[in-house]
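# Commentary on secondary and tertiary structure
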Amino acid sequence: MLKNIVCVLAAALALPAAAAPKAESATECRIAADMAIVARSLAEEAIQRPQANSIMARIYDVSDSTRGKELMGDILDAAYRTEGESSQKFAESLFTACIKTGGNMDTILGKRL
């Protein structure tokens with residue numbers, strides 16, 4: 001059993017990290033920044049993550065977009081990881097990174113396995 005767990009973990013670590021979804025326009029950067037304000041505000045208020053996911057899904061209807069769902073999840077993950085940064089500062093950092101890099105938000109959102 002332990003050997004199986006070790007094999008699974010080793011395989012996961014061998015996979016390259018994937019980038020967060022890239023915004024394809026300045027409008028998408030603005031939407032991502034708006035999501036960041038809401039997500040970080042939910043984190044600051046200590047809203048449990050499942051409830052935060054539900055709230056975000058009601059505000060931002062991304063149900064038909066795989067890329068939108070991934071981006072929203074990455075923003076929520078980063079918002080809940082970030083400590084001591086206001087929602088405004090978090091959103092500004094995300095928006096600035098997005099605009100300056102042509103949509104790449106990895107410096108704020110990180111990479112996922």
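Owing to the predicted nature of the structure, the values given are computational and were not obtained by experimental measurement.

Rules used in this analysis
Residues numbered from 1 in each chain as written. Predicted model: local features only at pLDDT ≥ 70, side-chain atom pairs only at ≥ 80, totals over all residues. Heavy atoms only, no water. Helix = DSSP H or I, 4+ residues; strand = E, 2+ residues; numbered from the N terminus. Buried < 20%, exposed > 50% of the residue type's maximum accessible area, 1.4 Å probe, protein only. Areas by Shrake-Rupley, 256 points an atom, 1.4 Å probe, with all protein chains shown as cover. Contact = heavy atoms within 4.5 Å. pLDDT = per-residue confidence, 0-100. Phe/Tyr/Trp six-rings, centres within 6.5 Å; stacked < 30°, edge-to-face > 60°. Lys NZ or Arg CZ within 6 Å of the ring centre and 35° of its normal. 1 Å grid on protein atoms, 1.4 Å probe; cavity = no way out; pocket = protein on both sides within 12 Å on 5 of 7 lines; lining within 4 Å. Points joined across faces, edges and corners; volume = space filled by probe spheres on them. Nonpolar A, V, L, I, M, F, W, Y, C, P; charged D, E, K, R; others polar. Salt bridge = Lys/Arg side-chain N within 4 Å of Asp/Glu carboxyl O.

### Section: the overall build of the chain
Check the secondary structure of the chain and you find six helices and zero strands. When the helices and strands of the chain are listed from N to C terminus, the series reads α-α-α-α-α-α. Considering the chain as a whole, with its 113 residues, one finds that 32% of them fall into the buried category. On the chain, roughly 7,000 Å² of surface is accessible, and the fraction owed to carbon and sulfur atoms is 58%.

### A look at the environment of Met72
Residue placement: Met72 occurs in helix 4 (residues 66-81). For Met72 and Ala39, which are 33 residues apart along the polypeptide, the C-alpha to C-alpha distance reads 8.7 Å. In contact with Met72, other than residues within four places in its own chain, are Met35, Met56, Ala57, Tyr60 and Val62.

### Concerning the confidence of the model for the chain
On average, residues of the chain carry a pLDDT of 84, and 80% of them reach 70 or more. Across residues 1-16, confidence stays below pLDDT 50; counting only partners more than four residues off in sequence or on other chains, it has one contact.

### A look at the packing of aromatic side chains
Scanning the entire structure with this criterion turns up zero aromatic pairs. Above the face of the Tyr80 ring, Arg49 is positioned so that its terminal group lies 5.5 Å from the ring centre.

### A word on the layout of surface pockets
Estimates place the volume of the largest pocket at around 160 Å³. Glu28, Ile31, Met35, Asp61, Val62, Ser65, Arg67, Gly68 and Leu71 are the residues that line the largest pocket. Contributions of two or more residues to the lining of the largest pocket are made by helix 2 (26-44) and helix 4. When grouped by side-chain class, the residues that make up the lining of the largest pocket number four nonpolar, two polar and three charged.

### Let's talk about the pattern of salt bridges
One pass over the full model with this rule turns up three salt bridges. For the salt bridge of Arg67 with Glu24, the shortest nitrogen-to-oxygen distance reads 3.8 Å. In this pair, Arg67 is assigned in helix 4 and Glu24 in the loop between helix 1 (2-14) and helix 2, connecting sequence segments 43 residues apart. In this structure, Asp77 and Arg49 form a salt bridge, with 2.9 Å as the shortest nitrogen-oxygen distance. On the criterion of sequence distance, the pair formed by Asp77 in helix 4 and Arg49 in helix 3 (residues 49-59) is long-range, its members being 28 residues apart. Residue classification places Arg49 among the partly exposed residues on the basis of a relative accessible area of 24%. In this structure, a network of salt bridges that share partners links the residues Glu24, Glu28 and Arg67.

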